[in-house]
Amino acid sequence: MKLRKKMRALSWIFFLGAIVGINSANLRTTMAENGSDTGLLIVGHGYFSQDQKFFEFVNEVQKRLPEYPVDSGLHMVMDMQTHKMWQTEDEAIRRLASQRVKKVVVIPFYLNTNSSTVNAIKWAIGCQVDGEPGKSNYLDEIIECPETYDPENDLCMHMGGVHRRFHNFSDIQYIATNAIDYHEDISSVFLERALEYSTDKDNEVVFLIGHGDGDDVIDQDYRDNVLAKYASDVKSMGGFYDVQYGTLREDWCEQKRVAVEDIRNRITAAYHEGRKVIWVPARVSSWSKVHDQVWDPQDCSIQDAGNKLGTKDLLDAGMYTKANFLLYEPASLADWAVSMFEEALRKDHYIDCQK
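These lines cover the structure that appears in this document, whether it is placed above or below. Keep in mind it's a predicted model, so treat the numbers as computed, not measured.

## Quick look at the overall build of the protein chain
Logical step 1: What the protein chain contains, in helices and strands, is ten helices and 15 strands.
Logical step 2: In the protein chain, of all internal contacts separated by at least 6 residues, the share reaching a separation of at least 24 is 74%.
Logical step 3: With the model as given, the accessible surface of the protein chain reaches about 17,600 Å², and the carbon-plus-sulfur share is 50%.

## Things to note about the packing of aromatic side chains
Logical step 1: For the structure shown, the criterion picks out nine aromatic pairs.
Logical step 2: When the centroid spacing of 5.3 Å and the interplanar angle of 65° are considered together, the rings of Phe54 and Phe55 count as edge-to-face.
Logical step 3: When its relative accessible area of 18% is taken as the criterion, Phe55 is described as buried.
Logical step 4: Seen from their ring centres, Phe54 and Phe109 are 6.0 Å apart, and the 40° between their planes marks the pair as tilted. On the criterion of sequence distance, the pair formed by Phe54 in helix α2 (residues 52-64) and Phe109 in the loop between β3 (103-108) and α4 (116-125) is long-range, its members being 55 residues apart. Phe109 shares its class with Phe54; the two are buried.
Logical step 5: Pairwise contacts between aromatic rings join Phe54, Phe55, Phe57, Phe109 and Trp336 into one cluster.

## Observations regarding helix α10 (residues 334-347)
Helical geometry note: an α-helix holds 3.6 residues per turn, so side chains three or four residues apart project in the same direction.
Logical step 1: For α10, built from 14 residues, the straight-helix expectation of 20 Å at 1.5 Å per residue is met to within 8% by its first-to-last C-alpha distance of 20 Å.
Logical step 2: Every buried residue belonging to α10 is among Ala334, Trp336, Ala337, Val338, Met340, Phe341 and Ala344, and all of these are buried.
Logical step 3: On its buried face, α10 is in contact with β1 (38-44), α2, β3 and β10 (173-176).
Logical step 4: Positioned one or two residues after α10, Asp348 has a phi angle of 55°, which is positive.

## A short note on the sheet that holds strand β13 (residues 276-282)
Logical step 1: Taken together, four strands build an open sheet; the order of strands is β12-β11-β13-β14 and the sheet is parallel. Taken across any chain shown, the strands that pair with only one partner, and hence form the sheet edges, are β12 (242-247) and β14 (321-322).
Logical step 2: In this sheet, β12 lies alongside strand β11 (residues 204-210) in parallel orientation, the contact comprising six bridges. Looking at β12, one finds that Leu208 is bridged to Tyr245.
Logical step 3: Against the sheet, helix α5 (residues 184-195) engages β11 and β13, with an angle of about 140° to β13.
Logical step 4: Here helix α6 (residues 216-238) sits on the sheet in contact with β11, β12 and β13, set at roughly 155° to β12.

## Some words on the nonpolar core
Logical step 1: In terms of nonpolar packing, the biggest core is built from 44 residues, with Phe57 and Val61 touching the most fellow members.
Logical step 2: Here this core gets seven residues from one element, more than from any other, and that element is α10.
Logical step 3: Counting residues in each nonpolar core, the second largest holds 23 residues, with Tyr110, Ile121, Ala124 and Cys145 among its members.

Calculation notes
Residues numbered from 1 in each chain as written. Predicted model: local features only at pLDDT ≥ 70, side-chain atom pairs only at ≥ 80, totals over all residues. Heavy atoms only, no water. Helix = DSSP H or I, 4+ residues; strand = E, 2+ residues; numbered from the N terminus. Contact = heavy atoms within 4.5 Å. Areas by Shrake-Rupley, 256 points an atom, 1.4 Å probe, with all protein chains shown as cover. Phe/Tyr/Trp six-rings, centres within 6.5 Å; stacked < 30°, edge-to-face > 60°. Buried < 20%, exposed > 50% of the residue type's maximum accessible area, 1.4 Å probe, protein only. Expected span 1.5 Å × (residues − 1). Pairing = 2+ DSSP bridges. Axes fitted to C-alpha atoms, helices over the stretch in contact; angles between N-to-C directions. Core = buried A, V, L, I, M, F, W, Y, C linked by side-chain atoms within 4.5 Å.

Rendered as structure tokens:
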């Protein structure tokens, strides 16, 4: 009798174990199926260069999402004479299509969702609107090509870059996420960059300086709703005398003249108060020539703007210390990218590009 009860109990254990095993197998199958037709495309800035940190970051994301194809493209890498591009988003889309991916989550690896460059990415993944070939429909918003639209080749010429609509060579559907904007991990990295050069926090002023945008509304919104939050975090966490912020707007001569003069004036004021000033670049890619350029507030001509309108004389005078450029360690933002990817899949808002 005892033996019969024991056998019956073991049978139930095996039965329940089989059910759990079947469910686990189904879960793995579902994940595998998701991985076979859903991919992730991370779009970085680039520009005549290869950002090794960006590719290390992509590798970190790939490690965290082994069941999904993860690829990357640089948004502004091209030969200006031949328009030949390399390591681009369209190359990545073709690779994902060759893996039979049907849907792609696109994450713009930028600090500002509303920047003109991110708008160009939106344009690239959007659908053509009947009667308006120079525009696209992005999540029910009308996004214009940010600069010059070439109707013959269906290209957007933005900031010297040539951008193609993805649906011209792929039937893939796209889910678009926001850029980084505000994220507490970024605050921690800003703090790390400042602390590398800190010697007396009670007497130091940190400047978080971003790239900015040519559009006044976009630039103001970025400063008020993104950089201001980072400055508040760094001040509360670091205990500095003050943390200020600003944008260079360095691709737009007239705006840059005003923006750089404002930053220079504030640095000069802090310096004459006896404060140590630490300049922390607020950007995840690209670079700035501003530290190598001389300052001529009267000059804003196209041919001379590249050599003037800078802060070189401030740097030479020793009024501030420039922190290291590298904003992030590759692993520090990988979890953020994974969370953006998973949230996009849950919401499943995507653009079905009709040819």
